Amino acid sequence: LLDCTLRDGGYVNNWHFGKKAIRDILFNLSKAGMDIIECGFLTDKPYQPDDSIFSSPQQINALLPSGSKSMFVAMIAIGEKEMDPALLPPAQEYGLSGIRLTFHSDEIEKALRYGRIIQEKGYRLFMQPVGSSFYPDEQLIDLILKVNQLHPYAFYIVDTRGTMYQRDLQRQLYLADYNLEKGICIGFHSHNNLQMAFANAQHLLDYKTDRTILIDCSANGMGRGAGNLCSELIMDYINQTTPGRYDTLPLLELVDQYLSSVYVSSPWGYSYVYFLSAANGCHPNYASYLLSQQTLHVNTIGEILEQIPQGSRKRFDKDLIKSIYQSFQKNAVDDTQLTDHFRK
């Protein structure tokens, strides 16, 4: 299991957890027995001690609990003010030991170049193509063959828009398992737009393979929009067959102490609007934007999502959705008088 609360959960609170909270979350996740813990983003932004966005591994290492058996990783996201991996110091024996590299389909060559640098610095490399769930089979296989040349620690299936059912996961899982070089882990990062995160995780645990399977999760499912697989749920599920593997209490304590208050002001989790975004194959931020307007009925949101061009649905384009929304508002019909007439 890989917990991504401090990274993916940060989309909810702009990564402003507070320094003490970040330290305590890392400690409690480690105490719970989490196998891999993602500490946040590595970017070229100035470091703010209260945020889980860092500009160097040293800043992360200073927060890590001593004596932990967990692996600690961070994410470099190409196109999001990413840190140039050439600036990474050599990996230390105790400290941040892995880099999760995420990239879009038009950034593959850059990702392969970055990946090589990350490996040369001594870090475990996790290759995570954004929205790989929408890759046609041929495109996914072609990417896997290129990734094989790096032989990373892990290659991920990423359900960015939360649209995968078990049949979809099974197909891509088989393609990855069959085409990846031996020894490369297969990871899965899900979103809960269709309430499938937990079910798909169980399906992965039942899949027969000699590879190590990595499953992403977050405390209380904290994450953008519909959120992620709940760490406490999948931990408890595994404990049913492997008693004592994980201790959910430290994780629930951090939810109670730090995350519950965030949820009150900025809730996350399944909603019908995030279902609509998944049903239309749209990035969840489109749904978030339309929700924030607080002026639209559900049928209207559906109509607006349908107007987003297919080629623009993978990535969130704020200017595009703003333009579509404003155009809709200008052309909306005011039927108040007509409605009053029929009521009379």
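Everything here concerns the structure above.
Along each chain, residue indices are assigned from 1 in the same order as the chain's sequence is written. Totals for whole chains, interfaces and linings use all residues, but because this is a predicted model, local features are given only for residues with pLDDT of at least 70 and pairs of side-chain atoms are given and counted only at 80 or more. Working from all heavy atoms in the structure, the side-chain values ignore hydrogens and water.

J.: So what about the side chain of Asp8? Which residues, and what values?
T.: Secondary structure is summarised from DSSP: a helix means a run of H or I of at least four residues, a strand means a run of E of at least two, and numbering begins at the N terminus for each. Turning to its location among the elements, Asp8 is positioned in the loop between β1 (2-3) and α1 (10-13). We classify Asp8 as buried; its relative accessible area is 1%. Only heavy atoms matter for contacts: two residues are in contact if any of them lie within 4.5 Å across the pair. With residues up to four places along the chain from it excluded, the contact list for Asp8 reads His189, His191, Met222, Gly223, Arg224 and Asn228. Exposed residues in this analysis have more than 50% of their type's maximum accessible area, buried residues have under 20%, and partly exposed residues fall in between, with area computed by a 1.4 Å probe over protein chains only.

J.: Could you give an account of the nonpolar core, with specific residues and numbers?
T.: If you look at the biggest cluster of nonpolar residues, it comprises 73 residues, and the most contacted ones within it are Leu1, Leu26, Leu42, Leu101, Met127 and Phe155. If near-sequence neighbours (up to four positions away) are discounted, Leu26 is found in contact with Leu6, Ile37, Cys39, Leu63, Leu64, Pro65 and Phe72. Core analysis: the second largest hydrophobic core is formed by 18 residues, Leu276, Ala287, Leu296 and Tyr325 among them. The definition of a nonpolar core used throughout is a set of buried Ala, Val, Leu, Ile, Met, Phe, Trp, Tyr and Cys residues joined through side-chain atoms within 4.5 Å.

J.: Residues and numbers for the pattern of salt bridges, please.
T.: For salt bridges, the criterion is a side-chain nitrogen of Lys or Arg within 4 Å of an Asp or Glu carboxyl oxygen. In the structure shown here, the tally under the stated rule is twelve salt bridges. One salt bridge in this structure joins Arg315 and Asp106, with 2.4 Å as the shortest N-O distance. Placement of Arg315 in the loop between α12 (298-307) and α13 (318-331) and of Asp106 in the loop between β5 (98-103) and α4 (108-120) is noted, with a sequence separation of 209 residues between them. Given a relative accessible area of 35%, Arg315 falls into the partly exposed group. Taking relative accessible area as the criterion, Asp106 reaches 59% and is therefore assigned exposed. Among the salt bridges present, the one from Lys146 reaches Asp142, with a minimum N-O distance of 3.6 Å. Within this pair, Lys146 and its partner Asp142 are both found in helix α5 (residues 137-148), separated by four residues, close to a single helical turn. According to the relative accessible area criterion, Lys146 is partly exposed, its value standing at 26%. Through salt bridges with shared partners, one network takes in Arg7, Asp8, Glu38, Arg100 and Asp216.

J.: Which residues make up the environment of Lys69, and what values do they have?
T.: Looking at where Lys69 falls in the secondary structure, it is placed in the loop between α3 (57-61) and β4 (71-77). According to the relative accessible area criterion, Lys69 is exposed, its value standing at 85%.

J.: Explain the packing of helix α10 (residues 272-279) against α12 to me, and be specific about the residues and the numbers.
T.: Where α10 meets α12, the axes come as close as 10 Å, and the angle between the chain directions of the two elements is 25°. Judged by the angle between their axes, α10 and α12 are roughly parallel. The two elements α10 and α12 cross, and the hand of that crossing is right-handed. In contact with Tyr272, Val273, Leu276 and Ser277 of α10, α12 contributes Val298, Ile301, Gly302 and Leu305. All amino acids are sorted into three groups, where Ala, Val, Leu, Ile, Met, Phe, Trp, Tyr, Cys and Pro are nonpolar, Asp, Glu, Lys and Arg are charged, and the leftover types, Gly among them, are polar. Class assignment of the residues belonging to the contact of α10 with α12 gives a composition of six nonpolar, two polar and no charged. Only the contacting stretch of a helix is used when fitting its axis, a line to C-alpha atoms as for every element, and angles between N-to-C directions run 0 to 180 degrees. Note that the term roughly parallel is reserved for angles under 35 degrees, roughly antiparallel for angles over 145, roughly perpendicular for angles of 65 to 115, and oblique for everything else. The handedness criterion is simple: a crossing whose near helix is rotated anticlockwise from the far helix by less than a right angle is left-handed, and one whose near helix is rotated clockwise is right-handed.

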